[in-house]
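# Structural overview
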Amino acid sequence: MDILLAAAAVLGFPALMAGVWYWSSRRSSQGKVRRAATGGMLGVADEIFRPETHQAVQIQRIQHELPAPAPAPKPKR
């Protein structure tokens, strides 16, 4: 009986994660464009196991949200 519970847990977890990924990717689709849901799921693993990568992604998001720099003023004559 214990072996069946262990096997169900070992095989059930990847199936559960695949189901959550599929549900999340279907839920976040807009029209014909589908967004990948794996980024959010892997972001948690990056935060725990690869903090440098997680920090780099956060910096990229901040830089993407920053407005474009103002044009340089014209020189006076």
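So, here is what we can say about the structure in this document.

Criteria and cut-off values
- Residues numbered from 1 in each chain as written.
- Predicted model: local features only at pLDDT ≥ 70, side-chain atom pairs only at ≥ 80, totals over all residues.
- Heavy atoms only, no water.
- Helix = DSSP H or I, 4+ residues; strand = E, 2+ residues; numbered from the N terminus.
- Buried < 20%, exposed > 50% of the residue type's maximum accessible area, 1.4 Å probe, protein only.
- Areas by Shrake-Rupley, 256 points an atom, 1.4 Å probe, with all protein chains shown as cover.
- Patch = residues over 30% accessible without salt bridge, like charges linked within 9 Å, V, L, I, M, F, W, Y side chains within 5 Å.
- Salt bridge = Lys/Arg side-chain N within 4 Å of Asp/Glu carboxyl O.

## A closer look at the overall build of the chain
Along the chain, the regular secondary structure elements total 3 helices and 0 strands. For the chain, the N- to C-terminal ordering of α and β elements is α-α-α. By residue count, 4% of the 77 residues in the chain fall in the buried class. Of the roughly 7,500 Å² of accessible surface on the chain, a fraction of 65% belongs to carbon and sulfur atoms.

## Structural notes on a nonpolar patch on the surface
Taken together, the side chains of Phe 13, Leu 16, Met 17 and Val 20 present a nonpolar region at the surface, about 370 Å² in accessible area. Relative to the helices and strands, Phe 13 resides in helix α1 (residues 2-27).

Function-wise, these values are silent; they only describe arrangement.
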